[in-house]
Amino acid sequence: LQKQTLKDWIKGQGASKGVSDILLTIASSCTGIAKIVNDAPLDGLIGASSQTNVQGEVQKDLDIITNDLMVADLLTVSSVSAMVSEEIDEVIQNSNKSENANLAVCFDPLDGSSNIDNNGIIGTIFSVLELASNSKNITSSDVLSASRNQKAAGYFIYGPACLLMVSVGNKVAMFALSEKQQQFLLVDGGDVSIAKQSNEFAINMSYQRFWDSAIAKYIEQCLLGEQGKRKKNFNMRWAGSMVADVHRIFMHGGVFIYPSMDKKGSENGKLRFLYEANPMAMLVENAGGMAISNSLPIREIRATNIHQRVPVVLGSSQEVEILLNLYQNTQ
Ligand code: P6P
């Protein structure tokens, strides 16, 4: 039986032409990124570049190459009014946009790039926002005030298989890149759901001394296992790549935590709101999971900077509920 193509699935979801053109363009860009990532060791591209981004982080060669590829491709889409990329300080305008273009694309072209040199799993995360304005010059506040109006969100994961997890507002669907057909084909019934319960947590334990009391209490209970209040044993996983850790949660449940920390520069954690936390929160919620930032749903955050970091707890609803209660009781 012929698997459904991404194009047909998007049409079936009732997405607008503007959103559909963006998603199909990103899928084409990421087909290219999958090849670039695959060939990187042979092309000597797994190292650091001589440039740093707005956050002062050393950019990897692949960060820049994949960013430039996505920006160039999206500039050809007339429904794209503007873009925000992790790798670029300011909002990127699209001079080729059509009169009524009102969509902004926010993306992290290559997330998890600290895993490139060790052939770890990395990915691309994207979010499509509908702007309230279609003025010629789109400002940061235009994009930030549209953050609750996500029309699409998704990630590509470059692992043994190149997969796409995407939602255009209701169900979440998973696609795999077919080498033969050079396109993404649906690999599940188009209704991915996150297990409500789980016994697996994902957090970087090396920062334990910096955690707030809610996180400390939650992890303490996980570590006590059957001896503690949870009365069950837990497993821990940390890939150090958000797309890899979140994808595992889609596949077999779990909770992913990147908390605010009492550590200079990490007061709001590490993950960015516009192109990491907000899209992942839409996907997770549409798959029946939960996504919060301390005691607030991530999707209700009003960010004040396009590169703003936010604390992230997301995954199986039962586990996130426990953390939500801990936050509400420690306020
Ligand atoms: P740490 C990758 O650099 C990243 O931005 C996310 O993909 C990942 O979840 C996080 O940082 C890992 O951070 O502090 O554990 O290295």
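Below, the structure is looked at part by part. Per-chain numbering applies: the sequence of each chain, read as written, is numbered from 1 onward. Local features in this predicted model are restricted to residues of pLDDT 70 or higher, and side-chain atom pairs are both shown and tallied only at a pLDDT of 80 or more, whereas totals for entire chains, interfaces and linings draw on every residue. Each side-chain value is derived from all of the structure's non-hydrogen atoms; neither hydrogens nor water enter the calculation.

1. Quick notes on helix H7 (residues 273-286)
When you tally the buried positions in H7, you get twelve out of 14 residues, the bulk of the element. Just downstream of H7 lies Gly 288, where phi reads positive at about 85°. Using a 1.4 Å probe on the protein chains alone, a residue whose accessible area is under 20% of its type maximum counts as buried, one over 50% counts as exposed, and one in between counts as partly exposed. Here a strand is any run of E in DSSP of at least two residues, a helix any run of H or I of at least four, and the numbering for each starts at the N terminus.

2. Concerning the sheet that holds strand E3 (residues 80-85)
Working definition: the strands of a sheet are paired by backbone hydrogen bonds and lie parallel or antiparallel to each other. Read across the sheet, eight strands follow the order E4-E3-E5-E6-E7-E8-E9-E10 without closing on themselves; strand pairing throughout is mixed. Each edge of the open sheet carries a strand with a single partner, namely strand E4 (92-93) and strand E10 (183-186). The pairing of strand E8 (residues 162-167) with strand E9 (residues 172-178) spans five bridges and is antiparallel. Along E9, the bridge assignment pairs Ser 167 with Val 172. For this analysis, residues touch if any pair of their heavy atoms sits within 4.5 Å. Lines fitted to the C-alpha atoms define the axes, with helices restricted to the stretch that makes contact. Angles between their N-to-C directions range from 0 to 180 degrees. Lying on the sheet, helix H3 (residues 61-74) is in contact with E3, E4, strand E5 (103-111) and strand E6 (122-130); it crosses E5 at an angle near 155°. Packing of helix H6 (residues 242-252) onto the sheet brings it into contact with E5, E6, strand E7 (150-158), E8 and E9, and relative to E7 it is tilted by some 105°. Only when DSSP finds a minimum of two bridges between them are two strands counted as paired.

3. A closer look at the side chain of Ser 260
Structurally, the position occupied by Ser 260 is in the loop between strand E13 (255-258) and H7. Judged by its relative accessible area of 13%, Ser 260 falls in the buried class. Ignoring anything within four residues of it in the chain, the contact list for Ser 260 reads Phe 210, Asp 212, Ser 266, Glu 267, Asn 268, Gly 269, Asn 294 and Pro 311.

4. Topic: the pattern of salt bridges
Salt bridges are identified by distance alone: a Lys or Arg side-chain nitrogen within 4 Å of an Asp or Glu carboxyl oxygen. Tallied over the entire structure, the rule returns eight salt bridges. In this structure, Glu 200 and Arg 248 form a salt bridge, with 3.2 Å as the shortest nitrogen-oxygen distance. Of the two residues, Glu 200 sits in strand E11 (residues 200-202) while Arg 248 sits in helix H6, which places them 48 residues apart along the sequence. Here Arg 248 falls in the buried class, since its relative accessible area comes to 15%. Taking the shortest distance from any N to any O, the salt bridge between Glu 285 and Arg 299 comes out at 3.0 Å. Placement of the pair is Glu 285 in helix H7 and Arg 299 in the loop between strand E15 (296-297) and strand E16 (312-315), with a sequence separation of 14 residues. The class of Glu 285 is partly exposed, set by a relative accessible area of 30%.

5. Digging into the nonpolar core
Membership of the largest hydrophobic core comes to 51 residues, with the highest contact counts inside it found for Val 143, Tyr 155, Phe 250, Phe 256, Leu 274, Met 280 and Leu 314. By residue number, the principal contributor to this core is H7, which donates nine residues. Those residues in contact with Leu 274 that sit more than four places away from it in its chain are Val 84, Cys 106, Ser 127, Leu 129, Val 143, Leu 144, Ser 147, Pro 279 and Ile 306. To qualify as a nonpolar core, a set must consist of buried Ala, Val, Leu, Ile, Met, Phe, Trp, Tyr and Cys residues joined through side-chain atoms within 4.5 Å. Among the nonpolar cores identified, the runner-up in size contains 42 residues, and Leu 45, Ala 152, Tyr 158 and Leu 186 belong to it.

6. Some remarks on the site of the ligand
In these notes, residues near a molecule or strand are those with any non-hydrogen atom within 4 Å of it. The environment of the ligand is made up of 13 residues, and the closest members are Asp 111, Asn 204, Tyr 207, Met 242 and Tyr 258. A distance of 2.7 Å is found between an oxygen atom of the ligand and a backbone nitrogen or oxygen belonging to Met 242. A 3.5 Å cut-off defines polar contacts: any pair of N or O atoms within that distance qualifies, except that in protein one atom must be a possible hydrogen donor and the other a possible acceptor, and neighbouring residues in sequence count only when both atoms are side-chain atoms. Residue Lys 270 places a side-chain N or O atom 3.0 Å away from an oxygen atom belonging to the ligand. Accessibility throughout is a Shrake-Rupley quantity obtained with a 1.4 Å probe, and a residue counts as covered only by protein chains that appear here. In the complex, the protein chains occlude 85% of the 400 Å² of accessible area that the ligand would expose alone. Among the residues making up the shell around the ligand, the classes are represented as six nonpolar, five polar and two charged. All amino acids are sorted into three groups, where Ala, Val, Leu, Ile, Met, Phe, Trp, Tyr, Cys and Pro are nonpolar, Asp, Glu, Lys and Arg are charged, and the leftover types, Gly among them, are polar.

7. Observations concerning empty space enclosed by the protein
Cavity and pocket criteria rest on a 1 Å grid covering protein atoms alone: a 1.4 Å probe that fits but cannot get out defines a cavity, protein on both sides within 12 Å along at least 5 of 7 lines defines an open pocket, and an atom within 4 Å of a point defines a lining residue. Grid points are joined across faces, edges and corners, and a volume is the space filled by probe spheres set on the points. Tallying each qualifying case throughout the model produces one cavity of 30 Å³ or more. Taken as a whole, the largest cavity spans an internal volume of roughly 30 Å³. Around the largest cavity, the lining residues are Ile 203, Asn 204, Tyr 207, Trp 211, Trp 238, Ile 257, Tyr 258, Pro 259 and Met 261. Each residue belonging to the lining of the largest cavity can be placed in one class, and the counts come to eight nonpolar, one polar and no charged.

8. Considerations on the sheet that holds strand E14 (residues 290-293)
Ordered by their spatial adjacency, six strands build an open sheet running E12-E11-E13-E16-E14-E15, and the pairing between neighbours is mixed. Two strands in the sheet have a free side with no partner beyond their single neighbour: strand E12 (235-236) and E15. With two bridges joining them, E14 and E15 adopt antiparallel strand pairing. Counterpart to Ser 293 in the pairing with E15 is Leu 296. Each of E11, E13 and E16 touches helix H5 (residues 213-224); the most contacted strand, E13, lies at about 140° to it. Here H6 sits on the sheet in contact with E11, E13 and E16, set at roughly 155° to E13.

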